[in-house]
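Summary of structural features
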Amino acid sequence: MLAKSCNGVGSNPTCCPLLRVIPHLSLPFMSIHCHYLIKGKHYLTAFGGIVSIPLILSEGLCLQHDSLTQSCLINTIFFTSGLITVLQVTFGVRLPILQGGTFALVTPAMAMLSMPEWKCPAWTQNASLVNTSSPLFIELQGSIMVASVLQILVGFSGLIGFLMRFIGPLTIAPTVSLIGLSLYDSAGDKVGSHWGISAMYVSTWLLIILFSQYLRRIPILVPAYSKAKKLHTSKFYIFQIMPILLGISISWLVCYLLTIYDVLPLDPAQYGHLARTDVKGDVLNKASWFTFPYPGQWGMPTVSLAGVFGMMAGIICSMAESVGDYHACARLSGAPPPPKHAISRGIGVEGLGSLLAGAFGTGNGTTSFSENVAALGITKVGSRMVILLSGVFMILIGMLGKIGAIFTTIPTPVVGGMFLIMFGVITAAGISNLQSTDMNSSRNIFVFGFSMFSALVIPNWIMKNPDFLETDVKEVDQVLRILLTTHMFIGGFLGFFLDNTIPGTKSERGLLAWNKVHLEDSSDTLATKEVYDLPFGITSCLSSQSWVLFDLQSVEMPLQTPHKT
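Given the structure is predicted, the values throughout are model-derived calculations rather than measurements.

On to the overall build of the protein. In terms of regular secondary structure, the protein is built from 24 helices and six strands. In the protein, buried positions account for 57% of the 565 residues. Sequence separation of at least 24 residues holds for 83% of the intrachain contacts in the protein that already meet a minimum separation of 6.

Below, the structure written as structure tokens:
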């Protein structure tokens, strides 16, 4: 059922060598090697984003010198991402879409952790083991859990359709772009540890992108096995399947060679020392082979009002992006447009995922990966089973402690090169949402430009003048400081307010293009029911319950195509 044709249009899968459809089962049956390669493609596509989040948060959580705890964070985020992927594919929107961490929550988390109240003590700068049950970590956990309740309520109540009426490209564009721009400092610190290694990573990445675009039809022959052809050779498009892994591996290998030949300095005070691969080598010996993440593993979560408001800003941004990912995923996988009740379930399950992620202690939430959606356009296979197995694979990765430890040993400049590419793409992806608007309009230019520039100026000024926000009420001061130092919140709020108050036509604002696909509701068609109804006969059992299939008939859901961060 979720099959996409090779030429990108229609629903005939017979031209795809990777896939043949069994009509009654609505699931693809592929040869063994194709099945695992496609599963690996989705996993490797999400690899960079999932690993980056714990590495960014570790500094704010005073764990920059605690590689062992960093590895536990990486294991935990893989475990929860896999768990929520299984829940989303089975009981959520039911599209082949991967779940993972979200950069929309990284920005308010870093704003929260940068406040004077949660500043890292001086002794953590050289410590090797930090108490992860400190208020910094458990308060971040609790704030994410409480904020996720908003997403659960908005999703399962069906209110997401009403809210999306007021969110257009001029709100999404500055919000997403500022997620990338606000992390420039973190990227700069890591890139600056060795500019040569970081530049090599960028060059490698660009070279691989060049190959994947211009030489994507040149395969590598690999052995494969299928029942029909037995043992034979098959074409493996390596530059399409694993560009991220190749970029990191090549840079990592160079760092290893420079380390074993002592080209890089041994003195920690010298430039280039952090590019050595043995800086965190002891973490591999300390990490256990098997680990099992569980709720409350870092301590009992606590809640702060300021943290909750900051996380809510990120949750709202994540919801808006996810709606767009659902529509893009349905289009690329050849499925009917998702009906309102499926979108509501998907948003609700994502909220549940953020609740679980906060409870397990990832320091982040979960959201849909648009990188995974883009992978559908490459593999031409939209299968729930492939994504389901990817989720199971991530759960297994999260239970292997040595795997998380290996990720923490990635040299700092290699991580910096990854950040440089990733955050740059996020910024450009946010701006690309303006393509449906009329950018010849002075109105739109003002709204976008003012929102972006104000979101850069205000947080910078607040950070330099922290005493300005003094109301004699500690909780109010914390809320204002977090919100006004979160670039994403300021840009999104100003874009939302100005776009909905300054007069402008729907065509000028770009809303007509977003609404186009919803002129005809497909929620009652047979194909839609087969794809989006709950499994195991749950839909028929609960069809009489209005809260399950709540549908705002009067709401016109806009077509969203923003890029997930």
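Another aspect to go through is helix H18 (residues 442-464). Compared with an ideal rise of 1.5 Å per residue, which puts 23 residues at 33 Å, H18 spans 32 Å between its outermost C-alpha atoms and is within 8% of the ideal. Looking at the packing, one finds that the buried side of H18 touches helix H6 (169-181), helix H17 (412-431), helix H19 (474-484), helix H20 (487-501) and helix H21 (506-509).

A few words now on the packing of aromatic side chains. For the structure shown, the criterion picks out nine aromatic pairs. Judged by centre distance (5.8 Å) and plane angle (40 degrees), the rings of Phe79 and Phe360 are tilted. A residue pair is termed long-range when its members are at least 10 positions apart, and Phe79 in helix H2 (residues 67-91) and Phe360 in helix H13 (residues 340-360) qualify at 281 residues. Phe360 matches Phe79 in its accessibility class, with the two residues each being buried. Among the aromatic residues, ring-to-ring pairing joins Phe79, Phe292 and Phe360 into one connected group. Across the ring face of Trp289, the terminal group of Lys402 is positioned such that the distance to the ring centre comes to 5.4 Å.

With that settled, the discussion passes to the side chain of Gln141. Locating Gln141 in the fold gives a position in helix H4 (residues 135-157). Since its relative accessible area comes to 0%, Gln141 is described here as buried. The residues touching Gln141, leaving out its near neighbours within four places in the chain, are Trp298, Gly299, Pro301, Gly358, Ala359, Phe360 and Gly361.

Position of Gly353 relative to the elements: it lies in helix H13. A C-alpha to C-alpha distance of 9.3 Å links Gly353 and Ile152, two positions 201 residues apart in sequence. Residues in contact with Gly353, not counting those within four places in the same chain, are Ile84 and Thr366.

Attention shifts here to the pattern of salt bridges. Per the stated rule, a full pass over the model turns up four salt bridges. When the shortest N-O distance is used, the salt bridge between Arg276 and Asp262 registers 3.6 Å. Separated by 14 residues along the polypeptide, Arg276 in the loop between helix H10 (243-260) and helix H11 (282-286) and Asp262 in the loop between H10 and H11 bring together distant segments of the chain. With relative accessibility at 4%, the residue Arg276 sits in the buried group.

Two quantities define a packed helix pair, namely the angle between the helix axes and the distance between the axes. Orientation of H18 relative to H20, taken along the N-to-C sense of each, is 150 degrees, at an axis distance of 8 Å. Relative to H20, the element H18 lies roughly antiparallel. Crossing geometry of H18 relative to H20 is assigned as right-handed. Seen from H18, the contacting residues are Arg443, Phe446, Val447, Phe450, Ser451, Ser454, Ala455, Leu456, Ile458 and Pro459; seen from H20, they are His487, Ile490, Gly491, Leu494, Gly495, Leu498 and Asp499.

On the surface, a cluster of nonpolar side chains totalling about 620 Å² of accessible area is made up of Leu159, Phe162, Leu163, Phe166, Phe493, Phe496 and Phe497. Of all the secondary-structure elements, those providing two or more residues to the nonpolar patch are helix H5 (160-163) and H20. A total of three residues in the nonpolar patch trace back to one element, the largest contributor, which is H20. Looking at the element boundaries, Leu159 is found in the loop between H4 and H5. Classification of Leu159 as partly exposed rests on a relative accessible area of 41%.

This part covers the nonpolar core. Nonpolar side chains tend toward joint burial in soluble globular proteins. Ranked by internal contacts, the top residues of the largest apolar core, which has 76 residues, are Phe103 and Phe423. For this core, the leading source of residues is helix H12 (residues 305-333), giving ten residues.

This next bit is on unusual backbone geometry. One non-glycine residue, Cys62, adopts positive backbone phi at about 65 degrees. With respect to the helices and strands, the residue Cys62 is situated in the loop between helix H1 (32-60) and H2. With a phi close to 55 degrees, Asp262 is a non-glycine residue in the positive phi region.

Rules of the game
- Residues numbered from 1 in each chain as written.
- Predicted model: local features only at pLDDT ≥ 70, side-chain atom pairs only at ≥ 80, totals over all residues.
- Heavy atoms only, no water.
- Helix = DSSP H or I, 4+ residues; strand = E, 2+ residues; numbered from the N terminus.
- Buried < 20%, exposed > 50% of the residue type's maximum accessible area, 1.4 Å probe, protein only.
- Contact = heavy atoms within 4.5 Å.
- Expected span 1.5 Å × (residues − 1).
- Phe/Tyr/Trp six-rings, centres within 6.5 Å; stacked < 30°, edge-to-face > 60°.
- Lys NZ or Arg CZ within 6 Å of the ring centre and 35° of its normal.
- Salt bridge = Lys/Arg side-chain N within 4 Å of Asp/Glu carboxyl O.
- Axes fitted to C-alpha atoms, helices over the stretch in contact; angles between N-to-C directions.
- Parallel < 35°, antiparallel > 145°, perpendicular 65-115°, else oblique.
- Left-handed = near helix turned anticlockwise from the far one by under 90°.
- Patch = residues over 30% accessible without salt bridge, like charges linked within 9 Å, V, L, I, M, F, W, Y side chains within 5 Å.
- Areas by Shrake-Rupley, 256 points an atom, 1.4 Å probe, with all protein chains shown as cover.
- Core = buried A, V, L, I, M, F, W, Y, C linked by side-chain atoms within 4.5 Å.

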